[in-house]
Amino acid sequence: TLEAGVVAVQGDVEEHAAAIERAAKTRGREVTVHEIRESGIVPECDLLAMPGGESTTISRLIHGEGIAPEIRAHVEAGKPLLATCAGLIVASSDPNDDRVDELGLLDVTVERNAFGRQKDSFEAPLEVEGLSGDDPYPAVFIRAPAIDDVESGDAEVLASWDGRPVAVRQGPVVGTAFHPELTPDSRFHGLAFFENDAASVSAAGSGADSSES
Ligand code: GLN
């Protein structure tokens, strides 16, 4: 059984847990999801999601609780992390906001709330590099950040919208400006956790039934 963690200090935690369960079930993998509000749990986890919410709050709490260094160690060990929206901001190398103490797990600069007031919330069909299936991915953006300055680091752009990158991958880390946990389509969780060759869950292929069916 895979042990999954959702950083649960603030934000949309249950939706991520459900999406992880759907993605695992599709692949015949068993998973137990842990909600992380304190230190000591991340080291037990095979995969991790850091949800949307409010990035300054999430940053403050994960540092205050001692969870931040555990997330860094998780990624350094090659274990997958899916960081979405506010989670992406916290995982970036430059959130452009002093109140966010970044983890520096993705070599990207982000601009918070970049898509403007009229478009606080919208859905966009994304063409995504490496995503299974032919259909575009229905991406829900809510006061979403945009990703800038990918050229200077090792992050690979997986999808763009309005000419700006909105999904990136760097080793075991996948970051999205949108909310893949808010649609029934769990292909993004599949991509981040089970189809990323740079991450341990996919590479190890642990369990008898890890092959795609
Ligand atoms: N606007 C939020 C922030 O900057 C992120 C929004 C979200 O996670 N939906 O922290």
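Residues numbered from 1 in each chain as written. Predicted model: local features only at pLDDT ≥ 70, side-chain atom pairs only at ≥ 80, totals over all residues.

1. A closer look at the overall build of the protein
The condition that has to hold: Strands here are runs of E lasting at least two residues and helices are runs of H or I lasting at least four, both read from the DSSP assignment and numbered beginning at the N terminus. C-alpha atoms define the radius of gyration in this analysis, and the globule rule sets the expected value at 2.2 Å times the number of residues to the power 0.38. Between the buried cut of 20 or more and the exposed cut of 12 or fewer other C-beta atoms within 10 Å of a residue's own C-beta lies the partly exposed class, and all C-beta atoms are placed from the backbone. For the purpose of contact definition, each residue receives a C-beta atom placed from its backbone, and two residues are in contact when these atoms lie within 7 Å.
When you go through the protein residue by residue, the secondary structure sums to six helices and 12 strands. Its C-alpha radius of gyration of 16 Å places the protein within 12% of the 17 Å reference for a compact globule of 213 residues. Dimensions along the principal axes, computed over C-alpha positions, put the protein at roughly 45 × 40 × 30 Å. For the protein, the residues scored as buried account for 49% of the 213 residues in total. In the protein, of all internal contacts separated by at least 6 residues, the share reaching a separation of at least 24 is 69%.

2. Points about the environment of Val108
In this structure, Val108 sits in strand β6 (residues 106-111). A sequence separation of 33 residues divides Val108 from Phe141, and the C-alpha atoms of the two residues are 19 Å apart. With sequence-adjacent residues up to four places away left out, Val108 is seen in contact with Ser92, Ser93, Ile147, Asp149, Val150, Gly153, Ala155 and Val168.

3. Things to note about the site of the ligand
Keep this limit in mind: A molecule or strand has a residue near it when that residue's C-beta atom, placed from backbone coordinates, lies within 6 Å of it. For this classification, the nonpolar set comprises Ala, Val, Leu, Ile, Met, Phe, Trp, Tyr, Cys and Pro, the charged set comprises Asp, Glu, Lys and Arg, and every other residue, Gly included, is treated as polar.
Around the ligand sit Gly52, Gly53, Glu54, Ser55, Cys85, Ala86, Ile89, Arg112, Asn113, Ile142 and Arg143, and that is every residue in its neighbourhood. Broken down by class, the residue content of the shell around the ligand amounts to four nonpolar, four polar and three charged.

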